Each structure stands twice: as structure tokens, then as C-alpha cells.
Amino acid sequence: MVAEASGEGLLSKLGRLADPRGNRGRRYPLDGLLAMLILGALNGEKSLRGMWIWGCKHWQSLRRPLGLVGNPRPPAYATLWYVLSALPSDALNEALQEWTLSWSGEQVRSVSVDGKVLRGSRRKSPAQSAAEVIAAAGQEVGVVLAQREVCEGDAITAAIELLKGMPLQGMVVTADAGLLCRQVVDTILEGGGDYLGVVKENRPEVKKAVDDWVEPEVFPPGPGASTG
């Protein structure tokens, strides 16, 4: 998370986020708290409590590199819960996206765009639906480059917003048939990229339409063959 030779480190980008807390009684810097949680997630923790417990266990080795040297004890769980509740989710997403693209841009030439359900967001109550996002993954580096939340089931709008925030010049973007509509295709082309649609067996009507369109061009009938 420190600054790399090719650009600014993630900790510095997190430090530019607006802290939602008041100045009074603020003991732990926002960037250090967020970095602790990110490290917990990278080490396999899937919940906020799990990330907090991981951070508490490793506090003595974390607090100096993360700029938390004035705090001999880790923060309370309630502190982390409040910070994340008050921090706009798009602000953190943008900081992570900016950092990821800063070191992966030269390596990535193909991007996969797909819908995902966030792990750990499913609820037992039918009224509480799981959190959905549209994510763009760099195929060469195997990491998510950016993601956008799907609001009110509108995956197309989320995909367009995601793509508009990414450098697409010279990229090949792949997407499932359900996302590859005219608006999304236009966004990719306007950004200087190319697109490739993926048709799976779970969309048989789309597959049939594509087969009917492509087959005569790829396998034209031979001399004397019937076109019926």
C-alpha cells in the first residue's frame, strides 16, 4: 500500500478522502482505518467484524506502517462501523478504482464486465435483497478494476456508468448478452474500445438468433444445396 515507483500508493489516495467524522475526539486517521480493513479482507476476512478482529490481532505490526503510531490500542468495533456507515460508498470505490488503474493500465488489454452479488450481503428476509454490483475485471491481471452498485435492478445504467469511468482506448470489452445492449456498445465505442459478446446456454433465444444470423455467412451452402 506504500507509494510505488510508477505512481501514488493506495494509502495516499485513501488519505485524500473526506473524513465524515467531526474533528473533536478523532483519534484514528481515516486512511489508516480503511487500510486496516482492506488488509483484513485481503487476508480472507469476509465481514466487518472479521476484518476488525484481524486488525486487532496484528495491531502492533500495523499501526506504524499505517500511520496509527499514536494509538497503542486498536479502535473499537463501533468506531469502524460508524466510519463505514457515514462514508459514501462511491468515494471509497473511486479511490480504489483510481489506484488499481494506476498500476494495471499498461498490463490490461481485455476487460470482462459482469454482474455480481456481493459476498456476505444476502439476507434471510425476502424484503432485504442482496447487494448487486457490475464489476469490470482485467483478464491479464486477474483483479477487479472497478465496480458500480446496481440501483433498483438497473444493471444497464450501472454498466454504462462503470465504463464511462474507465480508460477504454485500445481495450477489448467482453460482456454477457444481457449487458451488451446498444447503449453499452455505444459507450464502449465512444471510449475507443472494441466489444465482444458472450452468449451462454442460459440465453437460448439469443443464441438461436445469433446462430441463424452467423451460420449462413460462416458455412454457406455448397453448389446445388438447398437454402431451405
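For the structure itself, look to the data block above.
Residues numbered from 1 in each chain as written. Predicted model: local features only at pLDDT ≥ 70, side-chain atom pairs only at ≥ 80, totals over all residues. Heavy atoms only, no water.

Draft legend 1. Expanded view of the packing of aromatic side chains. Counting across every chain of the model gives two aromatic pairs. For the pair Tyr28 and Trp59, a centre-to-centre distance of 6.1 Å together with 70 degrees between the ring planes defines the contact as edge-to-face. Of this pair, Tyr28 sits in the loop between α1 (10-14) and α2 (30-42) while Trp59 sits in helix α4 (residues 59-62), and the two are 31 residues apart along the sequence. Of the two residues, Tyr28 and Trp59, neither departs from the other in class, the shared state being buried. Its end group placed over the ring of Tyr77, Arg49 keeps NZ or CZ at 4.1 Å from the ring centre. (Phe/Tyr/Trp six-rings, centres within 6.5 Å; stacked < 30°, edge-to-face > 60°. Helix = DSSP H or I, 4+ residues; strand = E, 2+ residues; numbered from the N terminus. Buried < 20%, exposed > 50% of the residue type's maximum accessible area, 1.4 Å probe, protein only. Lys NZ or Arg CZ within 6 Å of the ring centre and 35° of its normal.)

Draft legend 2. Main features of unusual backbone geometry. Backbone geometry places Glu152, a non-glycine residue, at a positive phi of 55 degrees. Note on placement: Glu152 falls in the loop between β3 (143-149) and α7 (155-164). By relative accessible area, which is 86% here, Glu152 ends up exposed.

Draft legend 3. Main features of the nonpolar core. Ranked by size, the top nonpolar core spans 26 residues in total, and within it Leu14, Met36, Leu66 and Leu80 carry the most contacts. Counting residues per element, the ones that place at least two in this core are α1, α2, α3 (48-57), α4, α5 (77-86) and α6 (89-104). Ranked by the residues each element gives to this core, the list is headed by α2, at eight residues. For Leu14, the residues in contact, after removing those within four places along its chain, are Asp31, Leu34, Ala35, Ile38, Leu92 and Ala95. Ala136, Ala158, Met166 and Val173 belong to the second largest nonpolar core, which has 22 residues in total. (Core = buried A, V, L, I, M, F, W, Y, C linked by side-chain atoms within 4.5 Å. Contact = heavy atoms within 4.5 Å.)

Draft legend 4. Structural view of the environment of Gly55. Structurally, Gly55 is set in helix α3. Under the relative-accessibility criterion, Gly55 is labelled buried at 0%. As for Gly55 and Leu39, which are separated by 16 residues in sequence, their C-alpha atoms are 8.1 Å apart. Residues within four places of Gly55 in sequence aside, it is in contact with Met36 and Leu62.

Draft legend 5. Fine view of the packing of α2 against α3. At a minimum axis separation of 8 Å, α2 and α3 run at an interaxial angle of 100 degrees. Compared by their axis directions, α2 and α3 come out roughly perpendicular. Here α2 contributes Met36, Leu37, Leu39, Gly40 and Ala41 to the contact with α3, which in turn contributes Leu48, Met51, Trp52, Trp54 and Gly55. Grouping the constituent residues of the contact of α2 with α3 by class yields eight nonpolar, two polar and no charged. (Axes fitted to C-alpha atoms, helices over the stretch in contact; angles between N-to-C directions. Parallel < 35°, antiparallel > 145°, perpendicular 65-115°, else oblique. Nonpolar A, V, L, I, M, F, W, Y, C, P; charged D, E, K, R; others polar.)

Draft legend 6. Here's a closer look at the pairing of β3. Pairing geometry for strand β2 (residues 132-138) and β3, over six bridges, is antiparallel. What sits directly across from Ile134, in β3, is Arg148. Between β2 and β3, which pair antiparallel and follow one another directly, the connecting turn spans four residues, one of which, Gly142, has a positive phi of 70 degrees. (Pairing = 2+ DSSP bridges.)

Draft legend 7. View of the pattern of salt bridges. Tallying each qualifying case throughout the model produces six salt bridges. Between Glu98 and Arg16 there is a salt bridge whose closest N-O contact spans 3.4 Å. With Glu98 in helix α6 and Arg16 in the loop between α1 and α2, this residue pair connects regions lying 82 residues apart in the sequence. Notably, a salt bridge pairs Asp19 with Arg26, separated by 3.6 Å at the nearest N-O pair. (Salt bridge = Lys/Arg side-chain N within 4 Å of Asp/Glu carboxyl O.)

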